[in-house]
Amino acid sequence: LKKKLGFNEKPIILFSATWDKSGLSAVDKWASDISELAKKDHILVTLHPWISQKYFDLISENKEVWFIQDNDILPYLAIADVMISDTSSIIAEFCSLNKPIITFEIPVQNRLSKKIYQMLEEISERVKSFDELKSVLPKVLKEPEKCAVNRDKWNKILYYKLDGKAGKRAAEEIMKVFLNIWPF
C-alpha cells in the first residue's frame, strides 16, 4: 500500500474525524491547516460518512493529503505510524495495533461518557489546538511506546484477546443466549 500511494520513509499520520454535527468532532480544529504537516509527513484522512459537505470538499480537494475513500480502511491503519482524532470509534480499532494516538479534547457530553473520556485520557496524548498538536506530534513519533501499557489495558477491556478469534467467540456467546431463549 505504501508503494501504491508513493510514500517514502516519512512518517504516516492518519487523521480521522467523527460527524461534525454530533458535537464530538474536532475536524474544525485541523481540516484547514492539515497541509502544514504534509511538508514533513505523509497525511491520510478518513471522515465520518455524514461529515458536512464543507469539510468533505476541503479534504477531498487538498492535493497534499490522501483522502481515504475505500470502504476497507484497515490497510491504512496498518501503515499509519500515528492516529490523530477526536472521539471517533476508529480510535478503538487503531488502539488494537498499539500505536500512538493523539486526540483533541472534547468535553464530556452526549454520547461521550466519562468512561470513554477516561479511555481517551489514558491511551492518547491530548491536545486542545492545532498549534499544540504540532508540538506534540514529533514527541509522540519519537516515543511511540509512551501510552503502550494503557493501550494494552484498554485492548483487553475492548477485545478481551487480540488473537484473531474474537468473531468466533462472539458468535458462540450469541448462540448461547439464542439457545436459552429458543431451545431446539
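Numbering of residues begins from 1 in every chain and follows the order in which that chain's sequence is written. Confidence filtering applies because this is a predicted model: local features only for residues at pLDDT of at least 70, side-chain atom pairs given and counted only at 80 or more, and all residues used for totals across whole chains, interfaces and linings. Each side-chain value is worked out from all heavy atoms of the structure, with water and hydrogens disregarded.

Caption draft 1: Structural view of a nonpolar patch on the surface. Each patch groups residues whose relative accessible area exceeds 30% and which form no salt bridge, using 9 Å between like charges and 5 Å between nonpolar side chains of Val, Leu, Ile, Met, Phe, Trp and Tyr. Note on areas: these come from Shrake-Rupley sampling with a 1.4 Å probe, and a residue is covered only by the protein chains present in the view. The working definition used for a salt bridge is a side-chain nitrogen of Lys or Arg within 4 Å of a carboxyl oxygen of Asp or Glu. A surface patch of nonpolar side chains, amounting to about 340 Å² of accessible area, comprises V177, I181 and W182. We count a stretch as a helix when DSSP gives it H or I for four or more residues in a row; a strand needs E for two or more, and each element gets its number in order from the N terminus. In this fold, W182 is placed in the segment after helix 9 (166–181).

Caption draft 2: Looking closely at helix 7 (residues 130–142). Given a rise of 1.5 Å per residue, 13 residues ought to cover 18 Å, and the 19 Å separating the end C-alpha atoms of helix 7 matches this to within 8%. Along helix 7, the positions that sit buried rather than exposed are F130, L133, V136, L137 and V140. Its buried side turned inward, helix 7 meets strand 1 (12–17), helix 2 (27–30), strand 4 (82–85), strand 5 (101–104) and strand 6 (125–127). Expected helix span is given by 1.5 Å per residue-to-residue step, counting one fewer step than there are residues. We call a residue buried when its accessible area falls under 20% of the maximum for its residue type, exposed when it is over 50%, and partly exposed in between, using a 1.4 Å probe and counting protein chains only. The contact definition used throughout considers only heavy atoms, calling two residues in contact when any of these lie within 4.5 Å.

Caption draft 3: Local environment of the pairing of strand 5. Taking every second residue as pointing to the same face, both faces of strand 5 are buried, with I101 and T103 on one and I102 and F104 on the other. Pairing analysis gives three bridges linking strand 4 to strand 5, with the strands arranged parallel. Bridge pairing in strand 5 links I84 to I102. For a crossover, the right-handed case is the one in which the path from the first strand over the helix to the second runs clockwise, viewed with the strands pointing away from the viewer. Traced from strand 4 through helix 5 (residues 90–95) to strand 5, the parallel crossover comes out right-handed. Pairing between strands is defined by DSSP: at least two bridges between the two strands are required. One ladder, built from three bridges, connects strand 5 with strand 6; its direction is parallel. Paired with I102 across the two strands is E125, which belongs to strand 6.

Caption draft 4: Region of the structure containing the side chain of N62. You can see N62 is positioned in the loop between helix 3 (53–60) and strand 3 (66–67). Overall, the relative accessible area of 14% leaves N62 in the buried class. A polar atom in the side chain of N62 sits 2.8 Å from the backbone nitrogen of E64. Residues in contact with N62, not counting those within four places in the same chain, are I34 and S35. Polar contact is the term for a pair of N or O atoms within 3.5 Å; when the atoms are in protein, one must be able to donate a hydrogen and the other to accept it, and sequence-neighboring residues count only if both atoms are side-chain atoms.

By themselves, these figures tell us nothing about what the structure is for.
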